[in-house]
Protein chains: 2
Amino acid sequence: MAAVAGHEDTRTRLLATALRLFTAHGVEGTSLQMIADELGVTKAAVYYHFKTKDEITEAVVEPGLRELESIVGEAERERRPGARIDHMLAGFVDLVVRHRALVALFSSDPGVARALEKHFFGKESCMVGMMTILTGPDPDPARVVAAHAAVAGIALAGGSPDLAHYDDDTLRESLLEVGRKLLGRPRRRG
Amino acid sequence: MAAVAGHEDTRTRLLATALRLFTAHGVEGTSLQMIADELGVTKAAVYYHFKTKDEITEAVVEPGLRELESIVGEAERERRPGARIDHMLAGFVDLVVRHRALVALFSSDPGVARALEKHFFGKESCMVGMMTILTGPDPDPARVVAAHAAVAGIALAGGSPDLAHYDDDTLRESLLEVGRKLLGRPRRRG
DNA sequence: GTCTATATGCAGATAGAC
DNA sequence: GTCTATCTGCATATAGAC
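Only a predicted model underlies this, so the values are computations on that prediction, with no experimental measurement involved. (Residues numbered from 1 in each chain as written. Chains lettered and ligands numbered in written order. Predicted model: local features only at pLDDT ≥ 70, side-chain atom pairs only at ≥ 80, totals over all residues.)

### Looking at the domain arrangement of chain A
All names here are of chain A. When cut into domains, chain A gives domain 1 (1-50) and domain 2 (60-183). With 8 residues of domain 1 at the contact, the number on the domain 2 side is 8 residues. Grouping the constituent residues of the side of domain 1 that touches domain 2 by class yields 5 nonpolar, 2 polar and 1 charged. (Domains from an automatic or database assignment. Contact = placed C-beta atoms within 7 Å. Nonpolar A, V, L, I, M, F, W, Y, C, P; charged D, E, K, R; others polar.)

Right under this line is the structure:
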């Protein structure tokens, strides 16, 4: 795979740059020109790697979305509702911590939703699946609101620049605690 | 003031339309053409009421921001830290419920921040003030994370289309409960 | 107060040279 | 794989008629 290293590298740098700019200015507020300038290349060079801006948006969020999908699938296979919630929560928090800004992006940026709805990436089913697990069967309004607040709160707090200086373990434990409190789950050990 | 009723009405409709479109597509994803089309007027008519798009953005978020400012001010005048938190929380939740989509918008849309930073509206100081109250003195990381998650969770859950069908009282109580759990405040009565 | 018409610039996107 | 050059369209914004 060494032969394509150069290509992969530029592509990877491009996606990292795009994510950073998307986070700062939103997807619609980021132009291909901005991405190209930050990379030190021209717009046309960007178009060599991706045919459209939507393709870039998809490529930026795809890895995270796939991971979320697989976590939802795993959680659904747990037998007890409590275990489903715990699995979903731990997986989601871990995803947020490892990707930080990314999850906040696709939780709140309308540009992401717009880009994804064309090629149907299953973002909606992901989110619905996660929410179904977290609310449990026959949820009352308070529980539905709590689950929504948990997902949004964890994603946005995890991606917040104000909290970027915390190390992964600190952030992970704190976000887990947020989820446990909102969803009424006990702490793991004591 | 009957003389300016027509003007006020168009202006008000314009701001309501802008808020709806900003919520759906983000500030940067909304063009003046879209706003004009929804209103059934031309772009030039929109420019009669506002000189720039940034002015529209400011006018959309201004009332909510002013309210938040005053709530922060009130809360700061409470003597006990616990009472400060309770006042801040109740005021913020009430603001979210009464405006729904608006608070979610300026909590998460980078376009809003961009538009406000020119004419300095005090958004930053508002947010910092609120966060200072909610974290209290000498907060540990878990508390800072919890406060961030509370604000983001309440704002985004309150503005979520999935939860739009709940009546104000149900939503308010549920969001208050979210804040109380995350910030370790007891319920009001039992 | 709302219109038509228009200026200007930058967006996304393509063709083809190197 | 990256470039220059260019196209098309829509963005914000303005001037001035009605």
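### Focus on the packing of helix α10 (residues 168-183) of chain A against helix α10 (residues 168-183) of chain B
It is the contact of α10 of chain A with α10 of chain B, at a shortest axis distance of 9 Å, that shows an interaxial angle of 130°. One element, α10 of chain A, and the other, α10 of chain B, form an angle in the oblique class. Classified by chirality, the crossing of α10 of chain B by α10 of chain A is right-handed. For the pair formed by α10 of chain A and α10 of chain B, the contact residues are Val-178, Lys-181 and Leu-182 of chain A on the first element and Val-178, Lys-181 and Leu-182 of chain B on the second. Taken together, the residues of the contact of α10 of chain A with α10 of chain B sort by class into 4 nonpolar, no polar and 2 charged. (Axes fitted to C-alpha atoms, helices over the stretch in contact; angles between N-to-C directions. Helix = DSSP H or I, 4+ residues; strand = E, 2+ residues; numbered from the N terminus. Parallel < 35°, antiparallel > 145°, perpendicular 65-115°, else oblique. Left-handed = near helix turned anticlockwise from the far one by under 90°.)

### Description of unusual backbone geometry
You will see that Asp-138 of chain A, though not glycine, has its phi angle at about 45°, which is positive. As for its position among the elements, Asp-138 of chain A is in the loop between α8 (123-135) and α9 (141-159).

### A look at the interface of chain A and chain B
Residue-level contacts link 34 residues of chain A with 34 residues of chain B. Elements with a minimum of two residues in the side of chain A that touches chain B: α1 (5-25), α7 (110-118), α9 and α10 of chain A. The leading source of residues in the side of chain A that touches chain B is α9 of chain A, at 13 residues. Taken together, the residues of the side of chain A that touches chain B break down into 19 nonpolar, 10 polar and 5 charged.

### Considering the UniProt feature "DNA-binding region" (unreviewed entry) in chain A
This chain's UniProt record puts "DNA-binding region" (unreviewed entry) on residues 31-50 of chain A. The annotated region residues 31-50 of chain A carries 75% helix and 0% strand content, and the separation between its end C-alpha atoms amounts to 14 Å. (UniProt positions renumbered as here; feature names shortened; annotations may be inferred.)

### Describing the relation of the copies chain A and chain B
If you rotate chain A by 180° and push it 0.0 Å along the axis, it lands on chain B with an RMSD of 0.1 Å. What we have between these two chains is a two-fold relation. For chain A, the smallest separation between a C-alpha atom and the rotation axis is recorded for Gly-153 of chain A, amounting to 2.0 Å. When the interface residues of chain A are mapped onto chain B, 100% of them again fall at the interface, so both copies present the same face. (Least-squares fit on C-alpha atoms with pLDDT ≥ 70 in both.)

### Focus on helix α6 (residues 101-108) of chain B
When you tally the buried positions in α6 of chain B, you get 7 out of 8 residues, the bulk of the element. Listing the buried residues of α6 of chain B in full gives Leu-102, Val-103, Ala-104, Leu-105, Phe-106, Ser-107 and Ser-108 of chain B. (Buried ≥ 20, exposed ≤ 12 C-beta atoms within 10 Å, placed from the backbone.)

### Examining the packing of helix α4 (residues 53-76) of chain A against helix α6 (residues 101-108) of chain A
Residue and element names in this part refer to chain A. Relative to each other, α4 and α6 sit at 95°, their axes nearing to 10 Å. Accordingly, the angle class assigned to the pair α4 and α6 is roughly perpendicular. The residues of α6 that touch α4, namely those facing Val-61, Gly-64 and Leu-65, are Leu-102, Val-103, Leu-105 and Phe-106. Class assignment of the residues belonging to the contact of α4 with α6 gives a composition of 6 nonpolar, 1 polar and no charged.

### Some details on helix α8 (residues 123-135) of chain B
All names here are of chain B. Taking 1.5 Å as the rise per residue, α8 with 13 residues should run 18 Å; its terminal C-alpha atoms sit 18 Å apart, in good agreement. Of all the residues in α8, the buried ones are Cys-126, Met-130, Ile-133 and Leu-134. For α8, the arc enclosing every buried residue in end-on projection is 95°, short of the 170-degree limit, so these residues lie on one face. Of the exposed residues in α8, the ones pointing more than 90 degrees away from its buried face are Glu-124 and Ser-125. Among the structural elements, α4 (53-76), α5 (81-99), α9 (141-159) and α10 are those in contact with the buried residues of α8. Phi turns positive one or two residues past the end of α8, at Gly-136, with a value near 75°. (Expected span 1.5 Å × (residues − 1). Arc of directions from axis to C-beta.)

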